[in-house]
Amino acid sequence: MEEKIINGIKYRLDKDTLTAEVVWNDDEYSGNIVIPSTIVSDTVSYKVTSIGDAAFAGCPLLTNIEIPSGVTSIGDGVFNGCSSLTSIGIPSGVTS
């Protein structure tokens, strides 16, 4: 699997299933983050379906995050250390 940063968010891309997972980025996320339901990399469209373990951990300047309805899985410790986080939009389709 390949990892790419697209519009400031780092994804792990699965070319077999055409899905993407949001993953931890060396550059801290900050401010308001809106995760799109689909992304395009090298003309290939991927559906964002999960947020990996600790994806946003240690980002004290992250204030808001909107998660698209296609996400069904949010990993462990995703928001640890996000001391400024005031709003998280979690869709009803999240099952784990």
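Provided above is the structure to which this section pertains.
Quick caveat, the model's predicted, so the values are computed rather than measured. (Residues numbered from 1 in each chain as written. Predicted model: local features only at pLDDT ≥ 70, side-chain atom pairs only at ≥ 80, totals over all residues. Heavy atoms only, no water.)

**Topic: the overall build of the protein chain**
Turning to step 1, where the next piece is worked out: On a plain count of helices and strands, the protein chain comes out with 0 helices and 9 strands.
Turning to step 2, where the next piece is worked out: Reading the helices (α) and strands (β) of the protein chain from amino to carboxyl end gives β-β-β-β-β-β-β-β-β.
Turning to step 3, where the next piece is worked out: Here the C-alpha atoms of the protein chain give a radius of gyration of 12 Å, agreeing with the 12 Å that 2.2 N^0.38 yields for 96 residues.
Turning to step 4, where the next piece is worked out: Over its C-alpha atoms, taken along the principal directions, the protein chain stretches across nearly 35 × 30 × 20 Å.
Turning to step 5, where the next piece is worked out: The buried share among the 96 residues of the protein chain stands at 39%.
Turning to step 6, where the next piece is worked out: Taking the intrachain contacts of the protein chain between residues at least 6 apart in sequence as the baseline, contacts between residues at least 24 apart amount to 41%.
Turning to step 7, where the next piece is worked out: If you average the places of the 5 positive and of the 12 negative side-chain charges in the protein chain, the two averages end up 6 Å apart. (Helix = DSSP H or I, 4+ residues; strand = E, 2+ residues; numbered from the N terminus. Rg over C-alpha atoms; globule rule 2.2 N^0.38 Å. Buried < 20%, exposed > 50% of the residue type's maximum accessible area, 1.4 Å probe, protein only. Contact = heavy atoms within 4.5 Å. Lys, Arg positive; Asp, Glu negative; His and termini not counted. Charge placed at Lys NZ, Arg CZ, Asp CG, Glu CD.)

**Focus: the side chain of Lys 10**
Turning to step 1, where the next piece is worked out: Position of Lys 10 relative to the elements: it lies in strand β2 (residues 9-14).
Turning to step 2, where the next piece is worked out: Judged by its relative accessible area of 17%, Lys 10 is buried.

**Observations regarding the packing of aromatic side chains**
Turning to step 1, where the next piece is worked out: In total, this model carries 2 aromatic pairs according to the counting rule given.
Turning to step 2, where the next piece is worked out: Aromatic side chains Phe 56 and Phe 79 sit 6.0 Å apart centroid to centroid with 5° between the ring planes, which places their arrangement in the stacked category. Of this pair, Phe 56 sits in the loop between β6 (44-51) and β7 (62-66) while Phe 79 sits in the loop between β8 (73-74) and β9 (87-89); the two residues are 23 residues apart in sequence, bridging distant segments of the chain.
Turning to step 3, where the next piece is worked out: What makes Phe 56 buried here is its relative accessible area of 0%.
Turning to step 4, where the next piece is worked out: Among the aromatic residues, ring-to-ring pairing joins Tyr 29, Phe 56 and Phe 79 into one connected group. (Phe/Tyr/Trp six-rings, centres within 6.5 Å; stacked < 30°, edge-to-face > 60°.)

**Describing the pairing of β6**
Turning to step 1, where the next piece is worked out: Here 4 bridges tie strand β3 (residues 19-22) to β6, and the two strands are oriented parallel to one another. Bridge pairing in β6 links Val 22 to Ile 51.
Turning to step 2, where the next piece is worked out: In this sheet, β6 lies alongside strand β5 (residues 38-41) in antiparallel orientation, the contact comprising 4 bridges. By the bridge assignment for β6, Val 40 is matched with Ser 45.
Turning to step 3, where the next piece is worked out: Between the end of β5 and the start of β6, which pair antiparallel, lie 2 residues, with Asp 42 showing a positive phi angle near 50°.
Turning to step 4, where the next piece is worked out: In the sheet, β6 pairs with β8 via 2 bridges, with the strands oriented parallel. Among the inter-strand pairings, Ile 51 is bridged to a residue of β8, identified as Ile 74. (Pairing = 2+ DSSP bridges.)

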